[in-house]
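# Fold and geometry: a report
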Amino acid sequence: MQKASRIARLLSTLLLAGFACSAATLLDTSSALTLTDPTQMGRLSRNGIPQDWAGSEPFPGVINTTTLYHYTVFSLNVGSNAFIQVDFDSVSANTFVSAYRGAYLPNSGGGPNFGFDANWLGDAGFSGNFFGTDPIFFQVIVPVNNNLLVVVNNTAAGDDGVGDPFRLIVEGFLDANFTEAPEPSAFFLLVGGAALLAAVCGRSGRRSRQKFE
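Here we summarise the structure given alongside this text. No experiment lies behind these values; they were computed from the predicted model shown.

## Overview of the side chain of asparagine 154
Looking at where asparagine 154 falls in the secondary structure, it is placed in strand β8 (residues 147-154). Side-chain polar atoms of asparagine 154 contact the backbone oxygen of alanine 156, separated by 3.1 Å.

## Observations concerning the sheet that holds strand β6 (residues 120-123)
Strand order in the open sheet formed by five strands is β2-β3-β8-β5-β6, and the pairing between neighbours is antiparallel. Each having just a single partner strand, β2 (39-44) and β6 make up the two edges of the open sheet. The average angle at which neighbouring strand axes cross in this sheet is 45°, direction not considered. Pairing of strand β5 (residues 95-101) with β6, which is carried by three bridges, proceeds in the antiparallel orientation. The residue bridging serine 98 from the neighbouring strand is aspartate 123, located in β6.

## A few points about the pattern of salt bridges
Throughout the structure, instances matching the rule amount to one salt bridge. With a shortest N-O distance of 2.7 Å, arginine 167 and aspartate 28 are connected by a salt bridge. Linking arginine 167 in strand β9 (residues 165-173) with aspartate 28 in strand β1 (residues 25-32), this pair joins segments that are 139 residues apart in sequence. The class for aspartate 28 is partly exposed, based on a relative accessible area of 41%.

## Details of unusual backbone geometry
Positioned with a positive phi, phenylalanine 114 is a non-glycine residue whose angle comes to about 50°. Relative to the elements of secondary structure, phenylalanine 114 occurs in the loop between β5 and β6. Phi is positive for aspartate 159, which is not a glycine, with a value near 65°. The topology assignment puts aspartate 159 in the loop between β8 and β9.

## A look at the sheet that holds β9
The sheet built from four strands is open, its strands ordered β1-β9-β4-β7 with antiparallel pairing. Because the sheet does not close on itself, it has two edges, and the strands there are β1 and β7 (136-141). Within this sheet the neighbouring strands show an average axis-to-axis angle of 15°, counted without direction. Of the strand pairs in this sheet, strand β4 (residues 83-89) and β9 are connected by seven bridges, and their pairing is antiparallel. Along β9, the bridge assignment pairs aspartate 89 with arginine 167.

Cut-offs and rules
Residues numbered from 1 in each chain as written. Predicted model: local features only at pLDDT ≥ 70, side-chain atom pairs only at ≥ 80, totals over all residues. Heavy atoms only, no water. Helix = DSSP H or I, 4+ residues; strand = E, 2+ residues; numbered from the N terminus. Polar contact = N/O pair within 3.5 Å; in protein donor to acceptor, adjacent residues only side chain to side chain. Pairing = 2+ DSSP bridges. Axes fitted to C-alpha atoms, helices over the stretch in contact; angles between N-to-C directions. Salt bridge = Lys/Arg side-chain N within 4 Å of Asp/Glu carboxyl O. Buried < 20%, exposed > 50% of the residue type's maximum accessible area, 1.4 Å probe, protein only.

Structure (structure tokens):
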């Protein structure tokens, strides 16, 4: 039974590692806007309020609707992770990040928002890192198994901000307590480990019976 006990301890350690290293990172990329990226007329205003899971940020409005800006879109399915945090590491004052559900439709509608409000979930509220060093971040809620679109655009005329490097990290959680979904590998490790432990215990039991028969 000592061998079974050692295997049980090993499996316990591996399982804890598997659950601790859960697959919460949905996107991690470094990039920059380019002159070949699509363009839009106008952009979201920076209202200084990063969105959070409580929905504290109202739609910020649209400004400069006669000015051309470049943008790029990162699309991903959130799976079971409805609570999303977007980290945007950019020292540039001329890049901005926002989030949409399903589709990004700038310049597609009338009224004061010109389609920028359609499917909008939230944005960073500011440009540039916090204190110049810490990545800015904001939070949104996306229905399970829906597509999240993270949009990065420049904020100044004359293509200022195009070419400025940034790093974008999107993390997903099951709830507002930052609960992470375990990796599928942890589940298969649990099933396989249980089978292995049962087999070892079974062999140990048979040996014990043979010893006393």
